[in-house]
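What follows is the residue order along each chain.
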Amino acid sequence: MKTIIEPFRIKVVEPIRFTTGEEREALIAEAGFNPFRLRADDVMIDLLTDSGTSAMSAEGWAGIMRGDESYAGARSWFRFRDRVREVFGFEHVVPVHQGRAAERILFGLLVKPGMVVPSNAHFDTTRANIEFCGGRAVDLPCPEAAEPALEAPFKGNMDVAALERLIASTGAEHIPLVMLTITNNSGGGQPVSMANVHAVAAVARKHGIPFYIDACRFAENAWFIKQREPGWAEAPIPEIVRALFAEADGCTMSAKKDAFSNTGGFLCTRDPQLAQQERDLLILTEGFPTYGGLAGRDLEAIAVGLEEILDEHYLRYRAASTAYVVDRLASAGVPVVRPAGGHAVYLDARRFLPHVPPLRYPGQSLVVALYVEAGIRGCEIGTAMFGLDPHTGEERPAHWDLVRLAIPRRVYTQSHMDYVVEATLEVWRRRERLGGMRIVEAPRFLRHFSARFAPD
Ligand code: F0G
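Since the structure is predicted, the reported quantities are computational estimates derived from the model, not experimental observations.

**Some points on the overall build of the chain**
Alright, step 1. A tally of helices and strands in the chain yields 16 helices and 14 strands.
Alright, step 2. Here the C-alpha atoms of the chain give a radius of gyration of 21 Å, agreeing with the 23 Å that 2.2 N^0.38 yields for 456 residues.
Alright, step 3. Expressed along its principal axes, the backbone C-alpha trace of the chain runs to roughly 60 × 55 × 45 Å.
Alright, step 4. Counting only contacts in the chain whose residues sit at least 6 apart along the sequence, the fraction spanning at least 24 positions is 72%.
Alright, step 5. Of the roughly 18400 Å² of accessible surface on the chain, a fraction of 53% belongs to carbon and sulfur atoms.

In structure tokens, the structure reads:
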């Protein structure tokens, strides 16, 4: 059969509250033209994030009932720890309440003021946590990543030559770790190839620098390797995952993505001393090392999710549903990041609205237009998110201005996606009438979450 179906049936549903365009115009103005400030009830199709928004399975909910809430040494902890070890191959597993807690603990121990942390592209919380420790987060995307419309299989890769140059100019002693984000969320949800992971690991090892993977969407990345990288087509997904992590010294993980969980995460390492230091910090701010701020039921749900996420029927459907939207938009001439990534569709707002300069936030303008048009909530990934240097206060255009329409796992059907395509095409037709935005008020760190905007 050619038709790729959702590999599940729906047992529980949530109603969508319908709103009119007029209502949405008032609501978004009240929210300072920032969809993060909207009430979720005022959103019809919520594509703000794929994080913590997954639909759990019957087995996942059964795990919630099985959760052991003992403070120390709970049965659910051992199930969680053993599952993480089995999937990723790391000895030491530190549970945390979500990915950024893993980042804070890891960087809090390794990053000192003035140090530099390279990555293919840091996610916003990763960058902010490095900067909070006085470090500098440097993105080294491969050259293909700069061209959103270019079809290349692994646009999430790091530029390995640029990494070598950075190490030579900075000095290995000032680089506490090298990171790779798989898939590369900030760079369009594009995968990183196995060859690139191994090349980056080899450079880091040569200079004695620890190599870490930000593993949030590891299963989607493994699926793309199986589809696109010579030599991996026949390998089972769990084997690809093990090969991805085999040369890493550790990982940070948000279980809110590729573990189908509504919360949780973990930090892994092979270094027993570092693990002990991490646990010491964990007790201070997150919780005892056998729960790390999570309920036993969350640990149980994550253990189930880490099994389901490796199912090839699921991964095939997941990639196909994203590609469906990307292909339909691209064939109508809408500028989108190509090829389709795993978890999201990225509109290229800079090309969608070429008359709006980056410092007038074309991505934010497009996000607002989609909401007003059809009640769809997306997220700007561009100059509003990354344009401000919090240390100098200087503002400059980000690498790109994208709008991310993140697709929650197992939540929306194909007709919801048809609706998203229709709304985007409608905004595309009237794009010349859209103007820019300016920021009215914003904090220094992670300003996009709470900033208030106004039409320019
Ligand atoms: N790393 C990546 C690549 C992420 O995408 C995220 C979160 C994190 C780290 C932090 O994890 O939210 O559990 O603390 N990304 C979400 C998103 C918020 O919408 O892409 P967290």
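Structure shown, so let's carry the discussion forward.
**Some thoughts on the domain arrangement of the chain**
Alright, step 1. We note that the domain assignment places domain 1 (21-50 + 311-455) and domain 2 (58-308) within the chain.
Alright, step 2. Distance from the C-alpha centre of domain 1 to the C-alpha centre of domain 2: 25 Å.
Alright, step 3. Of the roughly 3100 Å² buried between domain 1 and domain 2 on both sides combined, carbon and sulfur atoms contribute 58%.
Alright, step 4. Linking domain 1 with domain 2 are eight salt bridges.
Alright, step 5. In this structure, the connection of domain 1 to domain 2 is made through 20 residue pairs in polar contact (both at pLDDT 80 or more).
Alright, step 6. For the side of domain 1 that touches domain 2, the secondary structure elements donating two or more residues are helix H12 (312-331), strand S9 (344-348), helix H15 (383-386) and strand S12 (402-406).

**Here's the deal with the sheet that holds S9**
Alright, step 1. Strand order in the open sheet formed by three strands is S9-S12-S11, with antiparallel pairing between adjacent strands. Of all the strands in the sheet, just S9 and strand S11 (379-381) have a single pairing partner and so form its edges. With strand direction ignored, the average angle separating the axes of adjacent strands in the sheet is 35°.
Alright, step 2. Two strands pair when backbone bridges link them, and S11 and S12 are joined in this way by three bridges, in the antiparallel orientation. The residue of S12 that forms the bridge with Cys379 is Arg404.
Alright, step 3. The sheet strands contacting helix H14 (residues 362-374) are S9, S11 and S12, and the helix crosses S12 at an angle near 40°.

Parameters at a glance
- Residues numbered from 1 in each chain as written.
- Predicted model: local features only at pLDDT ≥ 70, side-chain atom pairs only at ≥ 80, totals over all residues.
- Heavy atoms only, no water.
- Helix = DSSP H or I, 4+ residues; strand = E, 2+ residues; numbered from the N terminus.
- Rg over C-alpha atoms; globule rule 2.2 N^0.38 Å.
- Contact = heavy atoms within 4.5 Å.
- Areas by Shrake-Rupley, 256 points an atom, 1.4 Å probe, with all protein chains shown as cover.
- Domains from an automatic or database assignment.
- Buried area = accessible area lost by both parts, 1.4 Å probe.
- Salt bridge = Lys/Arg side-chain N within 4 Å of Asp/Glu carboxyl O.
- Polar contact = N/O pair within 3.5 Å; in protein donor to acceptor, adjacent residues only side chain to side chain.
- Pairing = 2+ DSSP bridges.
- Axes fitted to C-alpha atoms, helices over the stretch in contact; angles between N-to-C directions.

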